[in-house]
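Fold and geometry: a report
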Amino acid sequence: MVSSDRSEQTMKYLTLLSNQFPNQQAVFSEIINLQAILNLPKGTEHFMSDLHGEYEAFLHILNNCSGVIREHVDEVFGDTLTHQEKGDLCTLIYYPHEKLALVRAAHQDSPSWYKRMLDQLIAVTRRLSSRYTRSKVRKAIPHDFAYIIDELMHTHPDENNYRVRYHERIIDSILETDSTEDFIFSLAELIKVLAVDHIHLVGDIFDRGGGAAKIIDRLLHCTHQRTDIQWGNHDVLWMGAACGVPACIVTVLRNNLRYNNYEILENDYGISLRQLVSFAEATYNDGESISPLMKAINVLLFKLEGQIIQRHPEFDMEDRLLLDKIDLDAGTVAIEGVSYPLVTSDFPTLDPEHPYALTEDEQKILNKLIYEFTNADHLQRHIDFLYRHGSVYLVRNGNLLFHGCVPMCEDGTFASVNCMGTWRAGRDYMDFCDDVARRAWRTRDPKAMDWLWYLWVGHRSPMSGRVVKTFERSYIADQSTWAEPMDPYFELTKDVSACDSIMREFGLIPGSGHIINGHTPVKTIEGESPLRADGRLVVIDGGFCRAYHPKTGIAGYTLIASSRGVRLKAHEAFKSVEEALTRNADIQSETTFIDVAQRRVMVSDTDTGQEIREQINDLRQLLEAYRTGAIPEHSSK
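Overview of the structure. (Residues numbered from 1 in each chain as written. Predicted model: local features only at pLDDT ≥ 70, side-chain atom pairs only at ≥ 80, totals over all residues. Heavy atoms only, no water.)

This paragraph deals with the layout of surface pockets. For the second largest pocket, the calculated volume is near 730 Å³. Forming the walls of the second largest pocket are 33 residues, and the residues nearest its centre are I37, K136, D197, R226 and T608. The set of elements that each furnish at least two residues to the lining of the second largest pocket consists of α2 (24–38), α8 (134–140), α11 (180–195) and α27 (607–628). Here the lining of the second largest pocket is composed, by residue class, of 10 nonpolar, 13 polar and 10 charged. (1 Å grid on protein atoms, 1.4 Å probe; cavity = no way out; pocket = protein on both sides within 12 Å on 5 of 7 lines; lining within 4 Å. Points joined across faces, edges and corners; volume = space filled by probe spheres on them. Helix = DSSP H or I, 4+ residues; strand = E, 2+ residues; numbered from the N terminus. Nonpolar A, V, L, I, M, F, W, Y, C, P; charged D, E, K, R; others polar.)

Nonpolar side chains tend toward joint burial in soluble globular proteins. If you look at the biggest cluster of nonpolar residues, it comprises 182 residues, and the most contacted ones within it are I205 and W453. Broken down by element, this core gets its largest block of residues, 11 residues, from helix α17 (residues 292–311). Each residue touching W453, except ones within four places of it in the same chain, is listed here: V245, A247, C248, E305, I308, I309, F315 and M317. Within the second largest apolar cluster, 21 residues are counted, among which are L34, I612, L623 and A630. (Core = buried A, V, L, I, M, F, W, Y, C linked by side-chain atoms within 4.5 Å. Buried < 20%, exposed > 50% of the residue type's maximum accessible area, 1.4 Å probe, protein only. Contact = heavy atoms within 4.5 Å.)

The strand order β4-β5-β6 describes an open sheet built from three strands, whose pairing is antiparallel. Each of the sheet's edge strands pairs with one partner strand only, and the pair in question is β4 (326–327) and β6 (338–341). The pairing of strand β5 (residues 332–335) with β6 spans four bridges and is classified as antiparallel. Paired with V333 across the strands is Y340, a residue of β6. (Pairing = 2+ DSSP bridges.)

To continue, consider the sheet that holds strand β9 (residues 399–402). In spatial order, the strands read β8-β9-β12-β14-β13; together these five strands make up an open sheet with mixed pairing. Of all strands in the sheet, those with a lone pairing partner are β8 (393–396) and β13 (531–532), marking the two edges. One ladder, built from two bridges, connects β13 with strand β14 (residues 537–539); its direction is antiparallel. Counted as the bridge partner of L531 is V538 from β14.

Under the counting rule described, the total for this entry stands at 33 salt bridges. Across the salt bridge formed by D384 and R388, the nearest N and O atoms sit 2.8 Å from each other. Of this pair, D384 and R388 both sit in helix α19 (residues 377–389), four residues apart, which is roughly one turn of the helix. The partly exposed category is assigned to D384, whose relative accessible area is 29%. A relative accessible area of 52% means that R388 is categorised as exposed. Ionic pairing is found between R424 and D428, a salt bridge with its closest N-O pair at 3.2 Å. (Salt bridge = Lys/Arg side-chain N within 4 Å of Asp/Glu carboxyl O.)

Take α19 next. The end-to-end C-alpha distance of α19 is 18 Å, a good match for the 18 Å that 13 residues give at a rise of 1.5 Å each. Regarding α19, the residues found buried are H378, L379, Q380, H382, I383, F385, L386 and Y387. (Expected span 1.5 Å × (residues − 1).)

Let's shift gears to the side chain of H198. As for its position among the elements, H198 is in strand β2 (residues 198–201). Taking relative accessible area as the criterion, H198 reaches 8% and is therefore assigned buried. Here the side chain of H198 touches D228 through a polar contact of 2.5 Å, side chain to side chain. Sequence-distant contacts of H198, that is, excluding residues within four places in its chain, are made with T44, E45, H46, R226 and D228. (Polar contact = N/O pair within 3.5 Å; in protein donor to acceptor, adjacent residues only side chain to side chain.)

Quick look at the packing of aromatic side chains now. Under the definition given, this model contains 19 aromatic pairs. Ring geometry for Y94 and Y95: centres 6.5 Å apart, planes at 90°, overall edge-to-face. Across this residue pair, the class does not change: Y94 and Y95 are buried. Pairing W231 with Y387 gives two aromatic rings, centres 5.6 Å apart and planes at 65°, and the pair type is edge-to-face. Of this pair, W231 sits in the loop between β3 (226–230) and α13 (233–243) while Y387 sits in helix α19, placing them 156 residues apart in sequence. Judged by its relative accessible area of 5%, Y387 falls in the buried class. Put simply, the rings of F315, F432, W451, W453 and Y454 touch in pairs and so form one group of aromatic residues. (Phe/Tyr/Trp six-rings, centres within 6.5 Å; stacked < 30°, edge-to-face > 60°.)

This part takes up the state of the cysteines. On inspection of all chains with the given rule, the structure shows zero disulfides. There is no disulfide at C419, and the cysteine sulfur nearest it, in C433, is 6.1 Å away. In this structure C419 comes out as buried when scored by relative accessible area, which is 2%. Residue classification places C433 among the buried positions, given a relative accessible area of 0%. (Disulfide = S-S within 2.5 Å.)

Turning our attention to the pairing of β5. Direction of pairing for β4 relative to β5: antiparallel, over a ladder of two bridges. Residue pairing across strands places I326 opposite V333, the latter belonging to β5.

On to unusual backbone geometry, then. Positioned with a positive phi, C65 is a non-glycine residue whose angle comes to about 55°. Its identity is not glycine, yet R208 carries a phi of approximately 75°, on the positive side. Tracing the chain through its elements places R208 in the loop between β2 and α12 (212–220).

Let's shift gears to a negative patch on the surface. On the surface, a cluster of negative charge is made up of D316, E318, D319 and E336. Within the fold, D316 resides in the loop between α17 and β4. (Patch = residues over 30% accessible without salt bridge, like charges linked within 9 Å, V, L, I, M, F, W, Y side chains within 5 Å. Areas by Shrake-Rupley, 256 points an atom, 1.4 Å probe, with all protein chains shown as cover. Lys, Arg positive; Asp, Glu negative; His and termini not counted. Charge placed at Lys NZ, Arg CZ, Asp CG, Glu CD.)

Next up on the list: the environment of D88. When you line up the elements, D88 lands in helix α5 (residues 83–94). Separated by 29 residues in sequence, D88 and M117 place their C-alpha atoms 9.6 Å apart.

Written as structure tokens, this is what we have:
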């Protein structure tokens, strides 16, 4: 008989829950397990931003967990290993296949070396596994060696050292059966999984560097680590291209050709440029500062952007309609009443009467490109990953993560934006942007697809936050026209009051966590700091992208949030995997503690802890339903 104080909906939920926990014993066991998890140290969170296709640097940062693994190696072995020996062990963990190949080539792969490496790897694994339940660790262990690795991790001395001898016999058996290298591979991967529990990517995986496809392929294999992504402007650009938004497709081509990244287009995603190249060479003049191919892409882009702007006056981007301001005879363009000379007068497909109309040849090329982008299986899988794991912003463990900005007015209020007829601001506007991006992918709604383009380049876009001057930078030599005004957010958030206002807008307590952004490279070389407003805001775009290194002076920032506090890591440039292998050339990092925990932060202190407490409450209700007979118990399957 159903208790009168339980709603019908609650009973339906508890009945479904009973399928997973069919009797009181199963409920008891799960409650005990969850209570135990609450009292473990919180898992380490690893924050990265603005990878921009720099695969090797990303892979190394992922492998060394921004130095976390080296810290654990130092703590485990102290002075018992030399600096060189610790470096060898870390390199083996980062690149086990490659390191073992070098060891074999140098004829150093003796049984004693293998045994020493196995013992050291097990010691590091044992330390890292102590922060998790055995159940979670078992799930992370490669299946083929799950039982043996589990035994090795939980072998401790006893009165007669039986367990130690048992451990040694297992190691001897591994060596005798020639399975040592497989065990090393498995242990190295397990260590990296256990070192970081959660990966946060604060936007811009794509463009500039050519390895974005490899980065996402790697993330797809991080199955035992939670990964989330806060979409950057370059990410939503590729999301729009995969949806078939013409202006996004042409911009993707333009960006990657500017950085000579043909590989990601042709090899990774199978996008052919042959027809476009042939058209450009047959239509545009060669021998000028702009190549025929780039001329063809530029004009196609400005036509397509003009069409979107004309369809959406609410975007308030009429000042970007410049094709109709060109005087072909004079070779000038009028901007705000001033005529500027153009670097080229080669505009053979521009019809002054209909400047934003495509020619028949341009339309054919565009149709083919749309087909290729929307039917590229590899690309579609990657963009699906971005949608499944991504969002415009994330509130997690007291921190607020988003790539660019929350659009603001000069007076510090949140800017109102016309969102398909409804004015929205602050968190409400960010939620709309998230929803409209998903609608474009899910339904291919034309208005939502136009919004994906706006999120890439719109001056009130939370991913962009600036007036983009692509036309001026392409066609006008006078650099006074190149300035790209930024949203007031970027200046206002240097002050505590603006950051506190943003935290309250997203339901967070000011001063208890951080706003974490990417998007704007921190020019460390000029004295800029990634910490703003007394540490309320942290910008972790320090320049993974090699093109930024001369401006930033470093090769990126990352954040590590562990049970002991929050650390900012400033990284020097990564040389190469070869350097890492042959010289143990780890990325050198400078660590700054921006939060030091007064006591260790436990799972119970986190959002996961709150979720677990809710699960425990549900289980207690199910237990009561069993005890009162409201739901019958049944045997486990």
